[in-house]
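Listed below, chain by chain, are the residues.
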Amino acid sequence: MSLLKETLLVFTDLDGTLLDIHTYDWRPASAWLDKLQDHQIPVILCSSKTAAETLEIQQDLGLEGLPFIAENGAVIQLDVRWDDHPDAPRLINGTPHSEICDVINPLRARDGYKFTTFDDVDERVIGEWTGLNRERSALARLHEASVTLIWRDSDEQMTKFEAELAQMGFKFIQGARFWHILDARGGKDQAVNWLIDEYRKREGFVPTTIGLGDGPNDAPLLDNVDYAVVVKSINRLGIRLQEDIPERVYHTQQAGPEGWREGLDHFLSGPRHTT
């Protein structure tokens, strides 16, 4: 049986997965991107990036109009064809960015937690952290329902901070390079399942799903798809999945877009799933 058919959905993380973690290059993945487009298979970006950033990256990749998941699931952009949907064009999950800031800034002042958010610095500094140009760095600051930060304190303080956030209905999750705070009701898992259900209702089929990711914050994505590709990561903790079995999960030998290509080669060009 071939997975390469119109009922397939591909959900993918960006930095360190489809995009090189240092250069943001995706060219090693371009042949698969073209092939998926030829087969009318949606490639749904699923990232910690802001919606403003993701819209630009969609354009770079030729994926305009498709749904995407931003801010680790706190923001869901709908398919452009679903303009009659009550949440079109974009669904915000949970607490807005400004209200999260109103929670964490007093906590930092009271308990002395050491961290630096994207709101604390300008585009130049974000560019130094990320390697993005000034324009893309400005887009990286346009959070709608999460906060991105660099943690600069001890593990003990982090445990305390995370517990305080949890009591107030927020979660603290680690990406490939940064930490993120969002409403506990959001998440990549919730967003993936919401989009799968929308495809089922609007397109009239139950999708087969493949997910690709490299960071700890991708585990909820990879746990909620049929087939998962764990792309080799710079993160020392890696990804721990609930059902990490060879029939469902493939761990790549290569990182970034080379690993992305390797993972799709495995599931879509392998002997069990010939095209």
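Up top is the structure these notes are about.
Residues numbered from 1 in each chain as written. Predicted model: local features only at pLDDT ≥ 70, side-chain atom pairs only at ≥ 80, totals over all residues. Heavy atoms only, no water.

### Let's talk about the packing of helix α3 (residues 97-111) against helix α6 (residues 155-167)
Following both chains from N to C, one finds α3 and α6 inclined at 140°, their axes separated by 12 Å at the closest point. Here α3 lies oblique to α6, going by the angle between them. The crossing of α3 and α6 is right-handed. Contact residues: α3 offers Ile104, Leu107, Arg110 and Asp111, while α6 offers Gln157, Lys160, Phe161, Glu164 and Leu165. The class makeup of the residues in the contact of α3 with α6 is four nonpolar, one polar and four charged. (Axes fitted to C-alpha atoms, helices over the stretch in contact; angles between N-to-C directions. Helix = DSSP H or I, 4+ residues; strand = E, 2+ residues; numbered from the N terminus. Parallel < 35°, antiparallel > 145°, perpendicular 65-115°, else oblique. Left-handed = near helix turned anticlockwise from the far one by under 90°. Contact = heavy atoms within 4.5 Å. Nonpolar A, V, L, I, M, F, W, Y, C, P; charged D, E, K, R; others polar.)

### Observations regarding the pattern of salt bridges
Pairing is possible between side chains of opposite charge, provided their charged atoms come close. With the rule as written, the count across this model stands at 23 salt bridges. Among the salt bridges present, the one from Arg141 reaches Glu123, with a minimum N-O distance of 3.7 Å. Linking Arg141 in the loop between α5 (134-139) and β7 (146-151) with Glu123 in helix α4 (residues 123-130), this pair joins segments that are 18 residues apart in sequence. For Glu123, a relative accessible area of 22% puts it in the partly exposed group. The salt bridge partner of Arg248 is Glu243, with a shortest N-O separation of 4.0 Å. Looking at Glu243, the relative accessible area reads 43%, which means it is partly exposed. One connected set of salt bridges, linked through shared partners, spans Asp84, Asp197, Glu198, Arg200, Lys201 and Arg202. (Salt bridge = Lys/Arg side-chain N within 4 Å of Asp/Glu carboxyl O. Buried < 20%, exposed > 50% of the residue type's maximum accessible area, 1.4 Å probe, protein only.)

### Describing the sheet that holds strand β8 (residues 170-174)
Reading across from one edge, β6-β7-β9-β8 is the order of the four strands in this open sheet, with antiparallel pairing throughout. Every other strand in the sheet has two partners, leaving β6 (115-117) and β8 as the edge strands with one partner each. Pairs of neighbouring strands in the sheet enclose a mean axial angle of 30°, with direction left out of account. As judged from the three bridges shared by β6 and β7, these two strands associate in the antiparallel manner. What sits directly across from Thr116, in β7, is Ile150. Where α3 meets the sheet, it contacts β6, β7, β8 and β9 (179-183), and its direction lies at approximately 35° from that of β7. Along the sheet, α6 makes contact with β6, β7, β8 and β9, crossing β8 at roughly 140°. (Pairing = 2+ DSSP bridges.)

### Here's the deal with the sheet that holds strand β2 (residues 43-46)
In space, the eight strands of this open sheet follow the order β5-β4-β3-β2-β1-β10-β11-β12, with mixed pairing throughout. Edge positions in the open sheet fall to β5 (90-92) and β12 (249-255), since each of these has one partner strand only. Averaged over all pairs of adjacent strands, the angle between strand axes in this sheet comes to 15°, irrespective of strand direction. Helix α2 (residues 51-61) contacts β2, β3 (68-70), β4 (75-77) and β5 of the sheet and is inclined by roughly 145° relative to β3.

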